[in-house]
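Listed below, chain by chain, are the residues.
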Amino acid sequence: MRDFVILGSSIVSPPLNSSSSTPSASLHRHSIKPHNPSLPKLTPFSSPRNISCTLQVPLNHHADVTSNLARESEDVELLANGVLLGIRDRNVRTVIDTLKKVQDLGISLSTHFDGSAMDIIAKECSRMVTCDHIEEAVELMEVLARFQLPIRELVHPSDIIKQCVLCRNPILAVRYACLLPHAHILFSNIISEFGKRRDLVSALKAYDSLKKNLDSPNMYIYRAIIDVCGLCGNWKKSRYIYEDLLNQKISPNIYVFNSLMNVNAHDLSYTLNLYQNMQNHGVKPDMTSYNILLKACCVAGRVDLAHDIYRELKHWESVGRLKLDVFTYSTIIKVFADAKMWQMALKVKRDMLSAGVSLNTVAWSSLISSCAHAGLVEQAIQLFEEMLLAGCEPNTQCFNIILHACVEACQYDRAFRFFHSWKGNKMLGSSGEGYNINLKQGDMHNANTVPNSFSNSHILSFAEKFPFVPTTTTYNILLKACGTDYYHAKALISEMKTVGLSPNQISWSILIDLCAASQNVEGAIEILKTMGKAGIKPDVIAYTTAIKVCVESKNFKQALTLYEEMKSYEIHPNWVTYNTLLRARSKYGALHEVQQCLAVYQDMRKAGYKPNDCYLEELIEEWCEGVIQDNKENQGEFSSSNKSELERPPSLLLEKIAAHLLKRVADILAIDVQGLTKVEARLVILAVLRMIKENYGLGHSVNDDILIVIGSTKADESPAKHLLEVQKAIIELLRNELGLEVLPARTRIAPSGTAKLKNPNLSNLNIEALPGEKALPTMMGFQTRRPAVLQRLKVTKESLYRWLQSKVSVK
């Protein structure tokens, strides 16, 4: 016995008898082939089991008779049964290849498959889709569709599209959709499904492929791709699509315009432009269009424009042109609520009720929020009660708004009573009996004096009807209600974990902030470690809060340690971090304290933040003047508070001081005061001298003279007036107040354009004495241009040594 099989390139059928080899017996296109008695007669409804048993052909005689299959129905039946057998045996690839060979012969297999045969094909297609053989399944359905077989019911379209979305194959999804009669609906579904997964790239590929399969514009897919752009946050791409439609002379309908306006609602000017273009194209705006306009006004904070639109809509409603819906009222209420115009929000509420429109959760939430933000706790609670009485189910946000309003009004105990009542616990009366928290005196302001507006029966019934599910935000609000009770806050953190919630960055930061009230530095550090163990990386807020705790506890060393630690973890400090450190001290006592703050100051400037230069300058000025004893009268004259002389930004002074104090003492060979006023120059010199004095006390000796660079002038010209004033002030400071020996000197500097030097092997510097001083020998000269003169003063190391010795003896 021999079996019938389907091979890759052809249907293998039994060879014709020997007589068929003669020309007269050969088969022609329209001839009738004589029946072969050796083969069983096949009916269109032969089952696969019967096929496998009755089809017996010799495998050693394969012949390609594909071209003969169209000659009579018996050959078509043979093909149909072979296809069914191949699918049942899961030899799908062979079936596909075979049918591709005969697809141009005009064969129809639809009349040769009954319901049971289609069930077998559907079962195999479903199996392939489930087993991720999605591409082979689509290819099989494509080739079956060419033989007029119905494939609509083989697999549910959503299953195919879902698998294509999961494997990010938009082209395959489009190929499948094109096989179905309702393809135009599936086209938009494909784009939307990719959008739900935030896969804009695949959605755009599907969109480009779909456009090639469209005979006419399809507004469904235009709207779908624009909505996906909004879901993926790519509003720019939505504008490109709109411009492409206009370039193709395609006029969008109202739905496409509304989607485009909604995606671009963050840009009020563009949204208004779209609104105008809509009317220019003859498209009449609907209620959705105006709701989106109001939304754009809300985002932009344009209360005035939103109010004008609302009044115009009310007028159109009065004349029967439009009917305002709940979304219109909810949006305008939110506009006024965000602007803290609670009176206007309540007026819209009255308009809403007069029009017979029931408030939804968004409207109630906005109303409650507007009163809560205005500090009207009682009004907010009253609205909340009205919401419950109206049968509108509040969301967690509504509950959180009420709790936040109580906390902002320092009604901490009331917030906790509401919280436990909503959870279905024992309801408290106005006396405040029952649950109580351990607050320090001062945190109980208005806590028990405010009566509860809810009755016991109302709360109990509402708790059953509207179950309250606390969130992490809920517990964060309650953490603030703990006042200064650190241990009660820790108990709340434990309760969060019990109910299945995880503390977030805000939770831990609030807990760290509570450590500041009790100056609990150890607790703040421990919380940072706990965050790391819990898998939460402390952010800049957590570190800044911990630094604040250290600063308020006068533990500046630990604050700097945390500052360096956060930088090592690549957590960038913010303005609050820097400002907290720079304002940590009211005065400086030692050099290293000044150096630390100056380092923070420079980090702050490099990070792009503008520091409080005036505050820091005053502290450093006080520290610098501390090098002079019994000098109160002089400090009044040379004080940086005399802002008339400080015409440049104060940061120039701090930058000069930082440039010197952040160096090693051995590297201080010159003090540069160029560009400074006499007050600023004085502070820079005093800062360097104080650094030298403190390091001398630690065993660092003075090995060289110190040069003070004041400024430069042209050769043979008198120094500018302000240079002479600075020089005079410095000499008076060093000679009269400090008793140091000062030698004025000038340095010749060769211009950059000098052609030749008489003696190029020598330095281009030449120290000359000022009038009245003995000049040093001239070592060089110039053939051409005269050099500039650098005004300098020299403090001898001998006088510095004597001064330092006297300071040490005084101590």
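Residues numbered from 1 in each chain as written. Predicted model: local features only at pLDDT ≥ 70, side-chain atom pairs only at ≥ 80, totals over all residues. Heavy atoms only, no water.

Participant: Got a minute to help me understand the overall build of the protein chain in this structure?
Facilitator: Scanning the protein chain for helices and strands turns up 36 helices and 5 strands. Across the protein chain, the fraction of contacts at a sequence separation of at least 24, relative to all contacts at a separation of at least 6, is 70%. When the accessible area of the protein chain is evaluated, it comes to approximately 40,100 Å², of which 51% is carbon and sulfur surface. (Helix = DSSP H or I, 4+ residues; strand = E, 2+ residues; numbered from the N terminus. Contact = heavy atoms within 4.5 Å. Areas by Shrake-Rupley, 256 points an atom, 1.4 Å probe, with all protein chains shown as cover.)

Participant: Just checking my understanding: could you explain the pattern of salt bridges for this structure?
Facilitator: Pairs can form between side chains of opposite charge whenever their charged atoms are close. Within the structure shown, the criterion is met by 27 salt bridges. E124 is paired through a salt bridge with R127; the nearest N and O atoms lie 2.6 Å apart. In this pair, E124 and R127 are both assigned in helix α4 (residues 115–130), 3 residues apart and thus about one turn of the helix distant. Residue class for E124 comes out buried when judged on its relative accessible area of 5%. Ionic pairing is found between E564 and K567, a salt bridge with its closest N-O pair at 3.8 Å. (Salt bridge = Lys/Arg side-chain N within 4 Å of Asp/Glu carboxyl O. Buried < 20%, exposed > 50% of the residue type's maximum accessible area, 1.4 Å probe, protein only.)

Participant: What is the right way to read helix α21 (residues 412–422) from this model?
Facilitator: What sets the pattern is the α-helix's 3.6 residues per turn: residues three or four places apart point alike. Here α21 lies mainly inside the structure; 11 of its 11 residues are buried. The set of residues buried in α21 consists of Y412, D413, R414, A415, F416, R417, F418, F419, H420, S421 and W422.

Participant: I tried to follow the confidence of the model for the protein chain on my own but got confused; where do I start?
Facilitator: This prediction gives the protein chain a mean pLDDT of 76; 75% of its residues lie at or above 70. The least confident element of the protein chain is helix α1 (residues 48–54), whose mean pLDDT is 36; the most confident is helix α12 (residues 254–263), at 95. Across residues 630–648 the pLDDT falls below 50, and counting only partners more than four positions away or on other chains, this stretch makes 32 contacts in the model. Across residues 752–784, where pLDDT falls below 50, the model places 45 contacts with residues more than four positions away in sequence or in other chains. (pLDDT = per-residue confidence, 0-100.)

Participant: Any chance you could explain the side chain of S202 here in plain terms?
Facilitator: Turning to its location among the elements, S202 is positioned in helix α9 (residues 200–212). Sequence-distant contacts of S202, that is, excluding residues within four places in its chain, are made with R168, P170 and F194.

Participant: Explain the environment of Q248 to me, please; I cannot follow it from the model alone.
Facilitator: By the element assignment, Q248 lies in the loop between α11 (235–247) and α12. Under the relative-accessibility criterion, Q248 is labelled partly exposed at 38%. Here the alpha-carbon distance between Q248 and P217, two residues 31 residues apart in the chain, equals 9.9 Å.

Participant: Just checking my understanding: could you explain the side chain of Q411 for this structure?
Facilitator: Mapping Q411 onto the fold places it in the loop between α20 (396–408) and α21. For Q411, a relative accessible area of 6% corresponds to the buried category.

Participant: Whenever I open this one, the packing of aromatic side chains confuses me. Can you help?
Facilitator: By the definition in use, this model includes 14 aromatic pairs. Between the aromatic rings of Y207 and Y222, the centroid separation amounts to 6.3 Å while the plane-to-plane angle is 70°, which identifies the pairing as edge-to-face. Of this pair, Y207 sits in helix α9 while Y222 sits in helix α10 (residues 219–231), placing them 15 residues apart in sequence. The two residues Y207 and Y222 agree in class, both being buried. A connected cluster of aromatic rings, assembled from ring pairs, spans F384, F399, F418 and W422. Of note, R239 hangs over the ring of Y270, and the distance from its end group to the ring centre comes to 3.7 Å. The residue whose ring lies beneath R321 is W316, and the NZ or CZ to ring-centre distance is 4.1 Å. (Phe/Tyr/Trp six-rings, centres within 6.5 Å; stacked < 30°, edge-to-face > 60°. Lys NZ or Arg CZ within 6 Å of the ring centre and 35° of its normal.)

Participant: Quick question: what am I supposed to make of the pairing of strand β2 (residues 706–713) here?
Facilitator: Across a regular strand the side chains alternate sides, sitting on one face of the sheet and then on the other. Along β2, 6 of the 8 residues are buried, which leaves the element largely enclosed by surrounding structure. Strand direction decides the pairing type here: strand β1 (residues 670–672) and β2, joined by 3 bridges, are parallel. Bridge pairing in β2 links I671 to I708. Handedness of the β1-helix α34 (residues 678–697)-β2 crossover: right-handed. Sheet topology places β2 next to strand β5 (residues 788–795); 7 bridges connect them, and they run antiparallel. Within β5, the residue paired with I708 across the bridge is L793. (Pairing = 2+ DSSP bridges. Right-handed = clockwise from strand over helix to strand, strands pointing away.)

Participant: Explain the packing of helix α25 (residues 505–517) against helix α26 (residues 521–533) to me, please; I cannot follow it from the model alone.
Facilitator: Two numbers describe a pair of packed helices, the interaxial angle and the distance between the axes. Close contact between α25 and α26 brings their axes to 8 Å; oriented N to C, the two are set at 165°. The angle between α25 and α26 places the two elements in the roughly antiparallel class. Note on packing geometry: the crossing formed by α25 with α26 is right-handed. From α25, Q505, W508, L511, I512 and C515 reach across to α26, where they touch G523, A524, I527, L528, T530 and M531. For the contact of α25 with α26, the class distribution of residues is 8 nonpolar, 3 polar and no charged. (Axes fitted to C-alpha atoms, helices over the stretch in contact; angles between N-to-C directions. Parallel < 35°, antiparallel > 145°, perpendicular 65-115°, else oblique. Left-handed = near helix turned anticlockwise from the far one by under 90°. Nonpolar A, V, L, I, M, F, W, Y, C, P; charged D, E, K, R; others polar.)

Participant: Would you mind showing me how to read the nonpolar core here?
Facilitator: Nonpolar side chains in soluble globular proteins generally cluster together in the buried interior. In terms of nonpolar packing, the biggest core is built from 234 residues, with L99, L109, F113, I191, V673, I730 and L734 touching the most fellow members. A total of 11 residues in this core trace back to one element, the largest contributor, which is α34. Not counting residues up to four positions away in its chain, the partners in contact with I191 are A203, A206, Y207, L210, I221, A224, I225 and V228. (Core = buried A, V, L, I, M, F, W, Y, C linked by side-chain atoms within 4.5 Å.)

Participant: Would you take a moment to explain the state of the cysteines for this structure?
Facilitator: In a disulfide, the sulfur atoms of two cysteines are covalently bonded to one another. Evaluated as defined, the whole model comprises 0 disulfides. For the unlinked cysteine C515, the closest cysteine sulfur is that of C550, found at 9.9 Å. With relative accessibility at 0%, the residue C515 sits in the buried group. (Disulfide = S-S within 2.5 Å.)

Participant: Is there a simple way to think about helix α8 (residues 183–196) in this case?
Facilitator: Taking 1.5 Å of rise per residue, 14 residues should cover 20 Å, and α8 covers 20 Å from first to last C-alpha, within 8% of that figure. Taken as a whole, α8 has its buried residues at A183, L186, F187, S188, I190, I191, F194 and G195. Buried residues along α8 sit in contact with α6 (157–166), α7 (170–177), α9 and α10. (Expected span 1.5 Å × (residues − 1).)

Participant: Just checking my understanding: could you explain the packing of helix α29 (residues 575–582) against helix α30 (residues 591–606) for this structure?
Facilitator: In contact at an axis separation of 10 Å, α29 and α30 are set at 160° when each is read in the N-to-C sense. Judged by the inter-axis angle, α29 sits roughly antiparallel to α30. For the pair α29 and α30, the sense of crossing is left-handed. Along the contact surface, α29 presents W575, Y578, N579, L581 and L582, while α30 presents C597, V600, Y601, D603 and M604. Tallied by class, the residues present in the contact of α29 with α30 amount to 8 nonpolar, 1 polar and 1 charged.

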